[in-house]
Structure formats: C-alpha cells, structure tokens
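Fold and contact review
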Amino acid sequence: MIIDRIENLRIYKNCYKSFPPIFQYISELNLEDLSVGKHFLPEGLNGYISVDKTECISEHSAYLEAHNQYIDLQIVLTGIEKMGWKAVDDCKTIKSAYDEEKDIKFFTDKSDFFVTVNPYQFAIFFPNDAHMPLIGSGNIHKIVVKIKI
C-alpha cells in the first residue's frame, strides 16, 4: 500500500512495470471532467478507470476486499475517505469467494489500521493488500485506476 498526494505520484512510477505510461496518461487528464462510469485506457495500457460519485458508508457496513488481477490506484477528488488495510495473508474469514469475472474477494476480518485520504491524495493497493474503501460520511467523488498485473 502506498498513500501520498497526487502531485507526488511520479515518485512511484518505477514500483511496477505498467506504472510509467499509465501515470503519464492520467497526469494529462482533467480528472474532474471524467464522467461517472468506466473508461478504458488507450491501447497498450492495460486497465481502465472507474469514476464514482457516491455516498460513503459506515465502518460497520464495510468489508475488506482484495483483487488478484489488478492493482488499484484510488484517487479522491472531493470528500474525505477513510480506508482500512490488512495484509491478504492475514485475512482468515472469507465473506465471499473470489469472483474471477469481477476480480474481487471479500473478507469479514477487521482492518489492522485506517488512513484518511483527503482530496487530491491517492492510495495504491497491490494484490497482497486487502483494503476497505468508501468509509466516511457524506458524498465522495473518486477515481479508481485499475492496472492489470
């Protein structure tokens, strides 16, 4: 897991082979102008962008989730989001088995810790990072860049 401000995203470009061209592409976008929904990245950039405007949920309503096929780059544009984290290897209680089509599995374990992600901050979650997003109060506008591993 990586958390930082969006202007520092370039610092992490060498953490994964697909990051440099994808980070360059999203740095050229006006993120606020992207419509809600799914946007495919240009050919050669394996992944897509999911834009959401939604209401946050309570910690008691949230579950840890993890992905096998994608890395999540989650960028908060408006609102304040609390995100939980726990190592996938430490998750013991499966809520729902891995869904290959949706690339997601859920756990009922409690997060080891929570972080607050403010506007124009991001979090990167790798397949070994179980994460609990969308916790808070009020509405949030966020972008999730799904980067194929």
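Each remark here, short or long, concerns the structure printed above.
Here goes a summary of the coordinates provided.

Cut-offs used in this document
Positions within a chain are numbered from 1, following the residues in the order the chain's sequence is written. Reporting in this predicted model follows two pLDDT cut-offs: at least 70 for local features of residues, and 80 or more for side-chain atom pairs to be given and counted; totals over whole chains, interfaces and linings ignore these cut-offs and use all residues. Neither water nor hydrogens contribute to the side-chain values; these are computed over all heavy atoms in the structure. Each helix is a run of DSSP H or I of at least 4 residues and each strand a run of E of at least 2, with the numbering of both proceeding from the N terminus. The globule rule is 2.2 Å times the number of residues to the power 0.38, and the radius of gyration it is compared with is taken over C-alpha atoms. Type-normalised accessible area, obtained with a 1.4 Å probe on protein chains alone, sets the label of each residue: buried when under 20%, exposed when over 50%, and partly exposed for intermediate values. In this analysis, two residues are considered to be in contact whenever any of their non-hydrogen atoms come within 4.5 Å of each other. All accessible-area figures derive from a Shrake-Rupley calculation using a 1.4 Å probe, and residue coverage is judged against the displayed protein chains alone. One speaks of a salt bridge when a side-chain nitrogen belonging to Lys or Arg is within 4 Å of a carboxyl oxygen belonging to Asp or Glu. Pairing of aromatic rings covers Phe, Tyr and Trp, the last counted by its six-membered ring, and requires centre-to-centre distances within 6.5 Å; plane angles under 30 degrees mean stacked, over 60 mean edge-to-face, and any other angle means tilted.

1. Side note on the overall build of the protein
Across its full length, the protein carries 1 helix and 12 strands. Each helix and strand of the protein, placed in order from N terminus to C terminus, yields the pattern β-α-β-β-β-β-β-β-β-β-β-β-β. Taking 15 Å as the expected radius of gyration for a compact globule of 149 residues, we find that the protein reaches 15 Å, a close match to that expectation. Each principal axis of the C-alpha distribution contributes one length, and for the protein these read about 40 × 30 × 25 Å. Out of the 149 residues in the protein, the part that is buried amounts to 45%. Long-range contacts, defined as pairs at least 24 residues apart, comprise 77% of the intrachain contacts of the protein with a sequence gap of at least 6. Here the protein has roughly 7,900 Å² of accessible surface; of this, 49% comes from carbon and sulfur atoms.

2. Details of the pattern of salt bridges
Tallied over the full model, the rule gives 5 salt bridges. As a salt-bridge pair, Glu59 and Lys82 come within 2.9 Å of each other at their nearest N and O atoms. Here Glu59 is found in the loop between strand E3 (47-55) and strand E4 (64-66), whereas its partner Lys82 is found in strand E6 (residues 81-87), with 23 residues between them in sequence. Here Glu59 falls in the partly exposed class, since its relative accessible area comes to 32%. The class for Lys82 is partly exposed, based on a relative accessible area of 29%. Note that Lys86 is salt-bridged to Asp112, the shortest N-O span being 2.8 Å. Here Lys86, found in strand E6, pairs with Asp112, found in the loop between strand E8 (104-107) and strand E9 (113-117); they are 26 residues apart in sequence, far enough to count as distant. Using a relative accessible area of 11% as the deciding quantity, one classes Lys86 as buried.

3. Overview of the packing of aromatic side chains
Applying the stated criterion to the full structure yields 7 aromatic pairs. Measuring from ring centre to ring centre gives 5.9 Å for Tyr12 and Phe122, while their planes differ by 75°; the resulting arrangement is edge-to-face. Of this pair, Tyr12 sits in the loop between strand E1 (2-5) and helix H1 (19-27) while Phe122 sits in strand E10 (residues 121-125), and the two are 110 residues apart along the sequence. Its relative accessible area of 17% is what places Tyr12 among the buried residues.

Keep in mind that these numbers describe shape and distance, not what the molecule does.
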